[in-house]
Amino acid sequence: MNNSIYESIILSKSNIQVPLFKSGRSVDSRYFPEREAEKIIAEISNTYKIFLVLGIGSGILIKKLNEKFPDAKILAMEKKECDLNFLSQLKIFQELKQSSNCLFFSSEKLIQVLLNSYIPSVHGDLRIIEQRAWIQENKEDILQIKNDLSLALKKISADFSVQSHFGKIWQHNIFTNLKLFSQNKNDFSDIKIPLDKTAVIVAAGPSLDKTKNELLNNRNLYFVISTDTAMSSLIKCGIIPDAIFSIDGQLVSSTHFLLKNKDLLKDSIFIFDLCANSSAVKKVYEISKKILFSVSAHPLCEYIKSFFPSSFISLQTGSGTVTIAALDFAIKLGFQNIQIYGADFSYTNGKPYTKGTYLDKEFGKIQNKINSSEKKFVSLMFRTELKKISQKKYTTEVLESYKSSMEEYLINEKTTFNLKNDVYFVKNTNSPKIKIENIENNVNFDFFMNDLLEKKFFLENEQLIFLPYIAWLRKNTNINDFEKLQKLALSSIVRYNNKV
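Residues numbered from 1 in each chain as written. Predicted model: local features only at pLDDT ≥ 70, side-chain atom pairs only at ≥ 80, totals over all residues. Heavy atoms only, no water.

Asks: Looking at this structure, I do not really get the pattern of salt bridges. What am I missing?
Replies: Two side chains with opposite charge may pair up if their charged atoms get near one another. Tallied over the full model, the rule gives eleven salt bridges. A salt bridge links Glu81 to Lys109, with the shortest nitrogen-to-oxygen separation between them at 3.8 Å. Here Glu81 is found in helix H3 (residues 81-87), whereas its partner Lys109 is found in the loop between strand E5 (102-106) and helix H5 (110-117), with 28 residues between them in sequence. With a relative accessible area of 35%, Glu81 lands in the partly exposed category. The partner of Arg219 in a salt bridge is Asp242, with the nearest N and O atoms 3.0 Å apart. In this pair, Arg219 sits in the loop between helix H9 (208-217) and strand E8 (222-227) while Asp242 sits in the loop between helix H10 (228-236) and strand E9 (243-246), placing the two residues 23 residues apart along the sequence. Shared partners join several salt bridges into a network, and the residues in it are Glu38, Lys64 and Glu67. (Salt bridge = Lys/Arg side-chain N within 4 Å of Asp/Glu carboxyl O. Helix = DSSP H or I, 4+ residues; strand = E, 2+ residues; numbered from the N terminus. Buried < 20%, exposed > 50% of the residue type's maximum accessible area, 1.4 Å probe, protein only.)

Asks: Just to check I follow, could you spell out the packing of aromatic side chains for this structure?
Replies: Here the distance between the centres and the angle between the planes together describe a pair of aromatic rings. As enumerated under the stated definition, the model contains 21 aromatic pairs in all. Look at Phe245 and Phe329: their rings are 5.4 Å apart centre to centre, the planes differ by 65°, and that puts the pair in the edge-to-face class. Of this pair, Phe245 sits in strand E9 while Phe329 sits in helix H13 (residues 322-333), and the two are 84 residues apart along the sequence. Both residues of the pair, Phe245 and Phe329, count as buried. Put simply, the rings of Phe181, Phe257, Phe270, Phe272, Phe293 and Phe312 touch in pairs and so form one group of aromatic residues. The positively charged end of Arg35 is found above the aromatic ring belonging to Phe32, 4.1 Å away from the centroid. (Phe/Tyr/Trp six-rings, centres within 6.5 Å; stacked < 30°, edge-to-face > 60°. Lys NZ or Arg CZ within 6 Å of the ring centre and 35° of its normal.)

Asks: What should I look at first to understand the sheet that holds strand E15 (residues 387-388) in this one?
Replies: Spatially, E14-E16-E15 is the arrangement adopted by the three strands of the open sheet, whose pairing is antiparallel. One side of each edge strand has no neighbouring strand; the edge strands of this open sheet are strand E14 (347-348) and E15. Pairing geometry for E15 and strand E16 (residues 393-395), over two bridges, is antiparallel. Counterpart to Lys388 in the pairing with E16 is Tyr394. (Pairing = 2+ DSSP bridges.)

Asks: What's the story with the nonpolar core in this structure? I'm lost.
Replies: Generally speaking, soluble globular proteins have nonpolar side chains that are buried together. With 90 residues, the main nonpolar core has Phe272, Phe312 and Phe329 as its most contacted residues. Beyond its immediate chain neighbours, meaning those up to four positions away, Phe272 contacts Ser246, Phe257, Ala280, Val281, Val284, Ile291, Leu292, Phe293 and Ser294. One finds Val53, Leu90, Leu96 and Tyr118 within the second-largest nonpolar core, a separate group that totals 47 residues. (Core = buried A, V, L, I, M, F, W, Y, C linked by side-chain atoms within 4.5 Å. Contact = heavy atoms within 4.5 Å.)

Asks: Looking at this structure, how should I read the sheet that holds strand E7 (residues 198-202)?
Replies: Across a sheet, paired strands are connected by hydrogen bonds in the backbone, their directions being either parallel or antiparallel. Taking strand neighbours across the sheet as the criterion, the nine strands line up as E12-E11-E10-E9-E8-E7-E13-E18-E17 in an open arrangement whose pairing is mixed. Strands at the two margins of the open sheet, each flanked by one partner only, are strand E12 (313-314) and strand E17 (416-420). Relative to strand E18 (residues 423-427), strand E13 (residues 337-341) runs antiparallel, the two being bridged by four bridges. Note that in E18 the partner of Asn337 across the bridge is Lys427. Packed onto the sheet, H10 meets E7, E8 and E9 and runs at close to 125° relative to E8. (Axes fitted to C-alpha atoms, helices over the stretch in contact; angles between N-to-C directions.)

In structure tokens, the structure reads:
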């Protein structure tokens, strides 16, 4: 049974195979479809590097696109897999499938194809071409297709926005931290993790004000993994974390480590993302040599880990939160019982954070009778639209996305969890994936940099390792050509290598 929207194939006057819908209409002209395609393409600027074509039809439009833009990527969509199967009998379709620049897919794969294929730093703007007859034939499904398209582009845009903002900061931190790691030959063989204890992940939400008493009263039962924001609050009430996490690349994160009594943390383990603020790392090296570096999704970090595979641990950060990174660390270590404190993902009683964080200190310095710290906190909270959860709790779209990201992570890891009295209780049955005692710091910064610079122009599978920095360059220069941006990225490394 033919479930495709296509039913038969005819020959145009110019001898092109043209598929017909069951309605009798066709995507392409039955006379000279190549002329129609050339007319459409003539109006398209030569600057485009990627196209999304809605409706394949005879394939002649895609063939002409491929001829005019031989270096561009062409994503071509049909409604169903059976439609693609029907079109596979067309000679042009068969020829195009052999091209590495063309990708054919069905509509249910639209979001994933765009997320995997479209990189704004490389391709610039996406040009969408709608085949009018195809749109008309599939009008009942167009709303869903456009919703999926909007959702994918929104996520891609958000990722690009973050990269274009932080790309330069991240790259500076990565190379600085790599050199610091190379200069400090840590030995992790004496670090023992008590997996029989309950791992407690401590975030800095307002609920920590009341829940941290449980930690204080039963400290010996827990292996405490603190986020950098929550660390000072824990220390002030007498709880010294066993491990501290930091992933933020911004300079403000270094303020967490401005401690009066640094000896308190001399036995603590510090885990920094390789993108984390390098000033914070330098401060911690004055306290302890027990610094582990993790890598997440930054392509340069992944490349460095492939270069020194036994020196780094790979961790997830979900939507980019330190809480998820700490949680992933606990799960990969093999803790069976895990609790999460202060992961409110909301503002409670007019407060964005627990007492004792650096914001308490900073806002306290500048408060006065008409400009209180509470007023400062409220202005911080109202940066984006608030949503009311209960009488005293508010959240935002961003905070909701963080919560969803963490809970999706827990589901994907096949853990069981529940939330009770502002504390997450997690049961983990996964086997350990990280053994700290097996980590070896064999990083040789000079060797790595020399190898990187000798490549001059990157191999095909390595050319995207500087994408976040290239996104920053694209935003902050008038250059759009990817090859020129690559050369700029390389020259910046040469200059940076001389400075470090």
